[in-house]
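Examining the three-dimensional arrangement
Spelled out, the chains give:
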Amino acid sequence: MIRKNFKKWNLFLLAGLFILSCFFVSPEKLGGDSENIFFRFPFIRYFALDKFLYLTTILILSAYLMETRVLSYLTYPVLRFCKTRKGLMYGLVFVSYSIALFFGTSISLYFTLPLTTITLGREEDSPFLFIHCFCLQILAAELGSILLPYTSLSEFYLFLQFKYSLPDYFRISFLFFVFSILFLLPYVFHFRKEENKALSPEITERLENSYTALKEEDSTSRHLFLLPFCFFSFLLLCSCMQIIPIMPCFILLLLYSLLFRRQIFVRMDYFLFAFIFLIFLIRGNLLTLYTIPELLTEYIQGHEASHSLILSQIFTRLPASIVLADLTTKGRQLIIASILSAIHPLALNYSGVIAYSMLKHREHKKVFILHYLFLHMQMLLLFVFLAFFTGNL
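Report follows, based on the coordinates. Computed from a predicted model, the values in this text were never measured in an experiment. (Residues numbered from 1 in each chain as written. Predicted model: local features only at pLDDT ≥ 70, side-chain atom pairs only at ≥ 80, totals over all residues. Heavy atoms only, no water.)

A word on the pattern of salt bridges
As enumerated under the stated definition, the model contains seven salt bridges in all. In this structure, glutamate 123 engages arginine 85 in a salt bridge whose closest nitrogen and oxygen atoms are separated by 3.2 Å. Here glutamate 123 is found in the loop between helix H7 (105-118) and helix H8 (127-144), whereas its partner arginine 85 is found in helix H6 (residues 85-103), with 38 residues between them in sequence. For the residue pair glutamate 123 and arginine 85, the accessibility class agrees, reading buried in each case. With a closest N to O distance of 2.2 Å, arginine 171 and aspartate 168 form a salt bridge. In this pair, arginine 171 and aspartate 168 both sit in helix H10 (residues 166-189), three residues apart, roughly one turn of the helix. Since its relative accessible area comes to 56%, arginine 171 is described here as exposed. The partly exposed category is assigned to aspartate 168, whose relative accessible area is 27%. (Salt bridge = Lys/Arg side-chain N within 4 Å of Asp/Glu carboxyl O. Helix = DSSP H or I, 4+ residues; strand = E, 2+ residues; numbered from the N terminus. Buried < 20%, exposed > 50% of the residue type's maximum accessible area, 1.4 Å probe, protein only.)

Pasting the structure below:
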């Protein structure tokens, strides 16, 4: 219910802002010199179609990924070797980090948090270990998506906007990626609140049965979505490297999905699609206004990272990244602000909403909230110090 209300009010708010922005478009810029009447509307004329197609392609590929069994094949062979409760916690945190490293925070949390609930969450007399594991998985998923640009939509947009190459992006993200591992390890291995015990036979049997079911699965069904996912992911990578344009890649993916794999559209996150679409429309109107772009440019000038971080807490990081990218040339600072915003405990990040909605009816809810805030605040302070030490704040 919380997630549904969060989505609904977000879309209502963005739709209201878009309609409101249409009344403040500068008349001089509204007329334009275009012969086509549709391109006289700023939200159409300044719509960043290529970047929108990149983000939409990622959404469709995410739906393909969720239809494959790739995540299960990556997870259960690891977890079946866990024999103790702490061992299971180590495995779950490792899996959360690894999935986020290649596929992003949202996919990692959607897959691993329910798995934690039905395994470690079913163990008796270990509520604090479960809460600690749950919070660490959220943190690990947020930190794991730092290295690669396509695992976060806001950083991927900035990667495209400022035309970075992959080596250029790695020069920004690699230091934070390395320190994220170093900062995370002490939280994982230093837990003394509860005694380590063997897993119950029910949980061990559940993990073993899940692994056995994977091995006995028909090999033909495995490739129905896996092969298209790999092929179109390769095309997307080629497009990011400017080898092929994104338009034919997107059209080919869309046609193939409509003709042969229509069931993936059931898996698509239409809230996120509508969210991105409305942000791009609002961006087109904002570019024609006088006051708001000037105020934002003056506000972030010289303090791009720190002030962008503040704006990301108010408007969330994807809208902030899309709007601010047109007002400055310092993409490095905007990417760092997006990274810091991902682990800010008070930001309106979707990961926090997912976690709270899953634990709101469980015992020790207040302990979870305090532990979540404590871990994220500590990690944020460490990252802020790292950004300051490297001269990015």
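Remarks on the nonpolar core
In this structure, Leu88, Leu143, Phe280 and Phe383 are the most contacted members of the largest nonpolar core, which totals 119 residues. Looking at this core element by element, the count peaks at twelve residues for H8. Aside from chain neighbours lying at most four places away, what touches phenylalanine 280 is Phe47, Ala48, Lys51, Phe52, Leu55, Tyr157 and Ile322. (Core = buried A, V, L, I, M, F, W, Y, C linked by side-chain atoms within 4.5 Å. Contact = heavy atoms within 4.5 Å.)

A few points about helix H15 (residues 270-286)
Taking 1.5 Å of rise per residue, the 17 residues of H15 would be expected to cover 24 Å, and the 24 Å separating its terminal C-alpha atoms lies within 8% of that figure. Here H15 lies mainly inside the structure; twelve of its 17 residues are buried. For H15, the set of buried residues is Phe271, Phe275, Ile276, Leu278, Ile279, Phe280, Leu281, Ile282, Arg283, Gly284, Asn285 and Leu286. Of the residues that open H15, the one with a side-chain oxygen 3.3 Å from the backbone nitrogen of phenylalanine 271 is aspartate 269. (Expected span 1.5 Å × (residues − 1). Polar contact = N/O pair within 3.5 Å; in protein donor to acceptor, adjacent residues only side chain to side chain.)

What to know about the environment of leucine 199
Within the element layout of this structure, leucine 199 appears in the loop between H10 and helix H11 (201-215). Between the C-alpha atoms of leucine 199 and leucine 120, which are 79 residues apart in sequence, the distance is 8.5 Å. Contacts of leucine 199, omitting those with residues within four sequence positions, involve Cys82, Lys83, Thr84, Arg85, Leu88, Glu123 and Thr204.

Topic: the side chain of threonine 116
Summarising the element assignment, threonine 116 is placed in helix H7. Not counting the four nearest positions on each side in its chain, threonine 116 is found in contact with Leu92, Gly121, Phe130, Cys133, Phe134 and Gln137.

Quick notes on a nonpolar patch on the surface
A grouping of Leu49, Met247, Ile251, Leu255, Leu258, Leu259 and Phe260 is seen on the molecular surface, where their side chains present a nonpolar patch of about 660 Å² in accessible area. With six residues, the top contributor of residues to the nonpolar patch is helix H13 (residues 246-260). Relative to the assigned elements, leucine 259 resides in helix H13. With a relative accessible area of 59%, leucine 259 lands in the exposed category. (Patch = residues over 30% accessible without salt bridge, like charges linked within 9 Å, V, L, I, M, F, W, Y side chains within 5 Å. Areas by Shrake-Rupley, 256 points an atom, 1.4 Å probe, with all protein chains shown as cover.)

Concerning empty space enclosed by the protein
Per the counting criterion, the structure on display carries two cavities of 30 Å³ or more. For the lining of the largest cavity, the secondary-structure elements that each account for two or more residues are H15 and helix H16 (291-300). It is H16 that contributes the most residues to the lining of the largest cavity, three residues altogether. Of the residues belonging to the lining of the largest cavity, the class tally is seven nonpolar, no polar and one charged. Counted as a void, the second largest cavity has a volume near 50 Å³. Along its surface, the second largest cavity is lined by Leu158, Ser308, Ser312, Ala320, Ser321, Leu334, Ala337 and Ser338. Mapped by element, the contributors of at least two residues to the lining of the second largest cavity are helix H17 (304-315), helix H18 (317-324) and helix H19 (331-342). With three residues, H19 is the largest single contributor of residues to the lining of the second largest cavity. Taken together, the residues of the lining of the second largest cavity sort by class into four nonpolar, four polar and no charged. (1 Å grid on protein atoms, 1.4 Å probe; cavity = no way out; pocket = protein on both sides within 12 Å on 5 of 7 lines; lining within 4 Å. Points joined across faces, edges and corners; volume = space filled by probe spheres on them. Nonpolar A, V, L, I, M, F, W, Y, C, P; charged D, E, K, R; others polar.)

Some remarks on unusual backbone geometry
Even without being glycine, lysine 163 reaches a positive phi, approximately 55°. Within the secondary structure, lysine 163 sits in the loop between helix H9 (153-161) and H10. Phi at glutamine 242 takes a positive value of approximately 65°, unusual for a residue other than glycine. Assignment of secondary structure puts glutamine 242 in the loop between helix H12 (219-240) and H13.

Quick look at the packing of H18 against H19
Put simply, H18 and H19 touch, their axes get as near as 10 Å, and they point 170° apart. With respect to each other, H18 and H19 are oriented roughly antiparallel. When H18 is examined against H19, the residues Arg317, Ser321 and Leu324 are found in contact with a partner set consisting of Leu334, Ser338, Ser341 and Ala342. Taken together, the residues that form the contact of H18 with H19 break down as three nonpolar, three polar and one charged. (Axes fitted to C-alpha atoms, helices over the stretch in contact; angles between N-to-C directions. Parallel < 35°, antiparallel > 145°, perpendicular 65-115°, else oblique.)

Geometric descriptors of this kind do not, in isolation, establish any biological role.
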